[in-house]
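Residue-level structural notes
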Amino acid sequence: MTKRIFHSIFLVALAVLFASMVLIMGAVYNYFTATQFQQLQTQTTLAAQAVSNEGLAYFESLEDPEDCRITWIAADGTVLYDNRTDSDAMENHLAREEIQDALAGGYGKSARYSDTLMDRYLYTAQRLSDGTVLRLSTSQTSVLHLMVEMFQPILAVILIAVVLSLWLSSRVAKGIVKPLNELNLDDPLSNREYEEITPLLQRLDSQQQQLKSQEKAMYQKQKEFNTVTRALNEGLVLVSSGGVILSINPAAAKLLDVTPNCAGADFSVANRNRDIAALVNTALTGEKAERTLSLSFGEYQVTASPVKSKGHVLGVVLLLFDVTQKLRAEQLRREFTANVSHELKTPLHAISGYAELLKSGMVPQEDTRHFAEKIYAEAHRMIQLVEDTLRLSRLDEGAADMQWAPIDLYAAAQATVKELTAPAELESVSLKLEGSSTVIHGISQLVSSILFNLVDNAVKYNKHGGLVLIRVGSEHGRAILSVSDTGIGIPEDHLPRIFERFYRVDKSHSKEVGGTGLGLSIVKHAVLILGGSIEVDSTPGKGTIMTVYFPLSQT
Ligand code: ADP
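Please read these numbers as outputs of a predicted model, since none were measured by experiment. (Residues numbered from 1 in each chain as written. Predicted model: local features only at pLDDT ≥ 70, side-chain atom pairs only at ≥ 80, totals over all residues. Heavy atoms only, no water.)

**Some words on the site of the ligand**
For clarity, the cut-off: Nearness here has a simple test: a residue counts as near a molecule or strand if at least one of its heavy atoms is within 4 Å of that partner. Contacts described as polar in this section are N or O atom pairs within 3.5 Å, which, within protein, must combine one atom able to donate a hydrogen with one able to accept it, while residues neighboring in sequence count only if both atoms come from side chains. All accessible-area figures derive from a Shrake-Rupley calculation using a 1.4 Å probe, and residue coverage is judged against the displayed protein chains alone. Site definitions follow a grid-based scheme: protein atoms alone, a 1 Å grid, a 1.4 Å probe that fits but cannot get out for cavities, and for pockets an open set with protein on both sides within 12 Å along at least five of seven lines, plus lining residues having an atom within 4 Å of a point. For a cavity or pocket, the test is whether more than half of a molecule's atoms lie within 2 Å of its grid points; if they do, the molecule sits there. Going along the chain from the N terminus, every DSSP run of H or I of four or more residues is numbered as a helix, and every run of E of two or more is numbered as a strand. Side-chain classes follow a simple rule in which Ala, Val, Leu, Ile, Met, Phe, Trp, Tyr, Cys and Pro form the nonpolar group, Asp, Glu, Lys and Arg form the charged group, and the remainder, Gly included, forms the polar group.
The environment of the ligand is formed by 20 residues, the closest being Tyr461, Ser510, Thr516, Gly517 and Leu520. Lys460 has a polar side-chain atom sitting 3.3 Å from an oxygen atom of the ligand. Between Tyr461 and the ligand, the recorded distance is 2.7 Å, taken from a side-chain N or O atom to an oxygen atom. For the ligand, the accessible surface in isolation is 530 Å², of which the surrounding protein chains cover 98%. A majority-of-atoms criterion places the ligand in the largest pocket. Elements with a contribution of two residues or more to the shell around the ligand: helix 13 (444-460) and helix 15 (519-529). No other element matches helix 13, which puts 3 residues into the shell around the ligand. For the shell around the ligand, a count of residues per class yields 8 nonpolar, 8 polar and 4 charged.

**Considerations on the packing of aromatic side chains**
Condition: Any Phe, Tyr or Trp ring, taking Trp's six-membered ring, that has another such ring centre within 6.5 Å forms a pair; planes under 30 degrees apart are called stacked, those over 60 apart edge-to-face, and the others tilted. Residue exposure (1.4 Å probe, protein chains only): buried if accessible area is under 20% of the type maximum, exposed if over 50%, otherwise partly exposed. Distance and angle both matter: a charge sits over a ring if NZ of Lys or CZ of Arg is within 6 Å of the ring centre and within 35 degrees of the ring normal.
By the definition in use, this model includes 7 aromatic pairs. Seen from their ring centres, Tyr31 and Phe32 are 5.6 Å apart, and the 65° between their planes marks the pair as edge-to-face. Centre to centre, the rings of Tyr58 and Phe59 are 5.7 Å apart; their planes meet at 65°, and the pair counts as edge-to-face. Considered together, Tyr58 and Phe59 belong to a single accessibility category, that of buried residues. A network of ring pairs unites the aromatic residues Tyr58, Phe59, Trp72 and Tyr81 as a single cluster. Its guanidinium or amino end placed over the ring of Phe499, Lys524 lies 5.5 Å from that ring's centre, counting from NZ or CZ.

**As for the layout of surface pockets**
The condition that has to hold: Grid points are joined across faces, edges and corners, and a volume is the space filled by probe spheres set on the points. Boundaries of every domain are those given by an automatic assignment or by a domain database.
Computed from the structure, the largest pocket encloses a volume of approximately 1,200 Å³. In terms of residue class, the lining of the largest pocket is built from 20 nonpolar, 14 polar and 15 charged. Each of domain 4 (327-396) and domain 5 (404-551) gives at least three residues to the lining of the largest pocket. The space that makes up the second largest pocket amounts to roughly 530 Å³. Lining the second largest pocket are 20 residues, with Leu332, Phe336, Leu392, Asp396 and Arg501 sitting closest to its centre. Only helix 10 (324-360), helix 11 (365-396) and helix 15 provide two or more residues apiece to the lining of the second largest pocket. Counting residues domain by domain, the lining of the second largest pocket receives three or more from each of domain 4 (327-396) and domain 5 (404-551).

**Some remarks on the domain arrangement of the protein chain**
The following threshold applies: Every case where a carboxyl oxygen of Asp or Glu lies within 4 Å of a side-chain nitrogen of Lys or Arg is listed as a salt bridge.
Domain parsing of the protein chain yields domain 1 (2-149), domain 2 (183-231), domain 3 (232-322), domain 4 (327-396) and domain 5 (404-551). A straight line from the C-alpha centre of domain 2 to that of domain 3 covers 34 Å. Where domain 2 meets domain 3, there are 0 salt bridges. Put simply, domain 2 and domain 3 have 4 residue pairs in polar contact (both at pLDDT 80 or more) between them. When grouped by side-chain class, the residues that make up the side of domain 2 that touches domain 3 number 3 nonpolar, 1 polar and 1 charged.

**Some thoughts on unusual backbone geometry**
With phi around 60°, Asp257 is a residue other than glycine that occupies positive phi space. As for its position among the elements, Asp257 is in the loop between helix 7 (250-256) and helix 8 (267-270). Residue class for Asp257 comes out exposed when judged on its relative accessible area of 54%. The phi angle at Lys310 is positive, at roughly 50°, despite the residue not being glycine. Assignment of secondary structure puts Lys310 in the loop between strand 9 (298-309) and strand 10 (312-322).

**Some remarks on the side chain of Thr229**
Heads up, the condition is: We call two residues in contact whenever any of their non-hydrogen atoms come within 4.5 Å of each other.
By the secondary structure assignment, Thr229 is in helix 6 (residues 198-231). Residues in contact with Thr229, not counting those within four places in the same chain, are Leu236, Asn249 and Pro250.

**With respect to helix 1 (residues 2-54)**
Put simply, the test is: The span one expects for a helix is its residue count, reduced by one, times 1.5 Å.
With 53 residues, helix 1 extends 76 Å from end C-alpha to end C-alpha; this agrees with the ideal 78 Å at 1.5 Å per step. Among the residues trailing helix 1, Gly55 stands out with phi positive, at a value near 70°.

**What about helix 5 (residues 151-181)?**
Over its 31 residues, helix 5 extends 43 Å from the first C-alpha to the last, a length consistent with the 45 Å expected when each residue adds 1.5 Å. Residues Ile154, Ile158, Ala161, Ser165, Ser169, Ala173, Val177 and Pro179 constitute the buried set of helix 5. Here the buried face of helix 5 lies against helix 1.

**A short note on the sheet that holds strand 17 (residues 543-551)**
Sheet strands line up and pair through hydrogen bonds in the backbone, either parallel or antiparallel. Worth spelling out the cut-off: For two strands to be treated as a pair, DSSP must find at least two bridges joining them. Lines fitted to C-alpha atoms define the axes here, with helix axes fitted over just the stretch in contact, and angles between the N-to-C directions of these axes take values from 0 to 180 degrees.
With mixed pairing, the 5 strands of this open sheet are ordered in space as 12-14-15-17-16. Two strands bound the open sheet, and with one partner strand each, they are strand 12 (430-435) and strand 16 (533-539). Averaged over all pairs of adjacent strands, the angle between their axes in this sheet comes to 15°, without regard to strand direction. Two strands pair when backbone bridges link them, and strand 15 (residues 478-485) and strand 17 are joined in this way by 7 bridges, in the antiparallel orientation. What sits directly across from Arg478, in strand 17, is Pro551. On top of the sheet, helix 15 reaches strand 16 and strand 17; it is set at about 140° to strand 16, its chief contact.

Listed below in structure tokens is the structure:
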């Protein structure tokens, strides 16, 4: 821009310079011509008077004037005298403009160029009283001549003018552009230098305001998006059609083992998992790809979905869902179903076998009762198993339909003791309850179930004449329920597994005493739902202590 302004100013300056020179020279030239004519006319008038008085004698007495030519011409145009050329040799002058004018009006003047155009001649003529005409002429420098003569000074003036124009143009151009370069574009309306650019600045300002509000809205959206994706446990990655990571949430960064600020990096470079790369590549071709992959943090359902617009893939959304729990739950459910079927099969086979024997009539009359008792026992086992299974599945569902209420652990223990006194007596095991009223906030069915299973086990796995001691109390802000027995105890290596479903230390012994292998699973589940915890301390051959801690009721 500076260059353009500079060139314009420079050209204008040159044009003005040339125009001024031509005009000034023209005006000066005209002025001098008029002055010269004036002088020539005066001289002609004086000479005319002298010639009128003296005739030809005047010319003879005249000292030859160097810069002036005098010609005397008869009325018919014949040259009578000329101070430069022999008059006889001169052609008739009647046709000359100034002669014509003088003959007609008494006075005439004209100007003519020489053949070379280098000289110009001025002529003034006056008619004398005898009808002859006296003409004076003088040479005048022609414009061309003048220019040739003035060449050096003109050149000097031009050079000075050009240098001056160059310097001034450059300064002026810089001076005009400087404020433009120093415009405060952050606040366009604060610029007051040029009034002419105010509309432009106003436009800039309104566009800037628009951009700022758009930027703010985008920033807000981005913030919201980041907040949401940051809080997600699922991994989320947005990949552009060119395979560049546009956004990645912390969960995804952790799962893919990449830095959380890897947005902008090439996905195929940042990610080292080939299976995931293959899924993304498939999605980039426009096909949705899905697989369950084993990652370092567990099993993940990985889905790569293409984002399309008008048939073109704009990018890929990669989602990583943790399905470890789901798969584990499915696995457990399958195992549980298989175990239940297996557990039910044994008593069913036994019942079916005894019934078949009874049906065939091969059983003697006195053994019928024995067989009926066996069938009854097996059926009871089955009922027990089905009940425990149902209880457990209700607990699996979170016991949502059960009522929470203040429960006195001591009173509940008393009820359990009452319930199990008879079976304990059969085993010659005595039950003892110690402690005092301790109220927890819980679910009555679950508390009863915990107490029943623990005391039942303490009886079942006790020794003949053994003791079961139930203690209820509170300590460090917690309610404590402990059931200790003087029974067979549990070997240490079995301890971590006794709460698993269908796990028994001694399978045949458990079955013998009517165990289903689900009792402690129900206990553990119920304790967790009630917000408590359970500990086991056991010495094989000496006995076991099961201690349950519950949060105390706040009321
Ligand atoms: P079960 O119905 O077989 O008793 P549980 O889940 O109640 O099943 O107990 C799991 C296993 O833990 C039992 O089979 C038994 O081997 C062991 N067990 C549980 N309680 C006691 C205890 N008080 N003394 C010794 N062993 C026990």
